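Listed below are the residues making up each chain.
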Amino acid sequence: AQAILATGAREHTLLPPYYVARESAPVSAEAMQNDEGRIVDLYLPRKCSATNRLIPAKEHSAVQLNVGQVDENGIYSGEFYTFALAGFIRSRGESDACLNRLLHEKGLLTFSK
């Protein structure tokens, strides 16, 4: 992902958008490190929030939702919850019920009569 120029400087190339850099805690022999010595992985697969299935990088029917926290005045606080739903759930027509269940588990949705 980088090339060394004739001047000795390193030129970084852009990675495709499905590659995500993340920091890892323990250092292992096969871990990748960046220039600062931090441990990074090139690809971090997503998991479906409803079924815990892995979402492949090429699945175009999956969605990821960020639900923001607001205060009592309705002003966004800068915090959010992230939910990923696989295409499998969406194609079965169960994404609405699964999202309602996930929001209820986080305390963001109540079912009152």
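The following paragraphs examine the structure supplied in this document. Because the structure is a prediction, the values reported are computed rather than measured. (Residues numbered from 1 in each chain as written. Predicted model: local features only at pLDDT ≥ 70, side-chain atom pairs only at ≥ 80, totals over all residues. Heavy atoms only, no water.)

## Details of the overall build of the protein chain
In terms of regular secondary structure, the protein chain is built from two helices and nine strands. Listed N to C, the secondary structure of the protein chain is β-β-β-β-β-β-β-β-β-α-α in terms of helices and strands. The 113 residues of the protein chain split such that 14% are buried. For the protein chain, the proportion of contacts with a sequence separation of at least 24, taken over those separated by at least 6, is 31%. Taken as a whole, the protein chain presents about 8700 Å² of accessible surface, with 53% of it coming from carbon and sulfur. (Helix = DSSP H or I, 4+ residues; strand = E, 2+ residues; numbered from the N terminus. Buried < 20%, exposed > 50% of the residue type's maximum accessible area, 1.4 Å probe, protein only. Contact = heavy atoms within 4.5 Å. Areas by Shrake-Rupley, 256 points an atom, 1.4 Å probe, with all protein chains shown as cover.)

## Considerations on the packing of aromatic side chains
Enumeration over the complete set of coordinates arrives at zero aromatic pairs. Here the basic side chain of R53 rests over the ring of F88, its NZ or CZ set 3.9 Å away from the ring centre. (Phe/Tyr/Trp six-rings, centres within 6.5 Å; stacked < 30°, edge-to-face > 60°. Lys NZ or Arg CZ within 6 Å of the ring centre and 35° of its normal.)

## Digging into unusual backbone geometry
One non-glycine residue, N52, lies in positive phi territory at about 65°. For N52, a relative accessible area of 55% translates into the label exposed.

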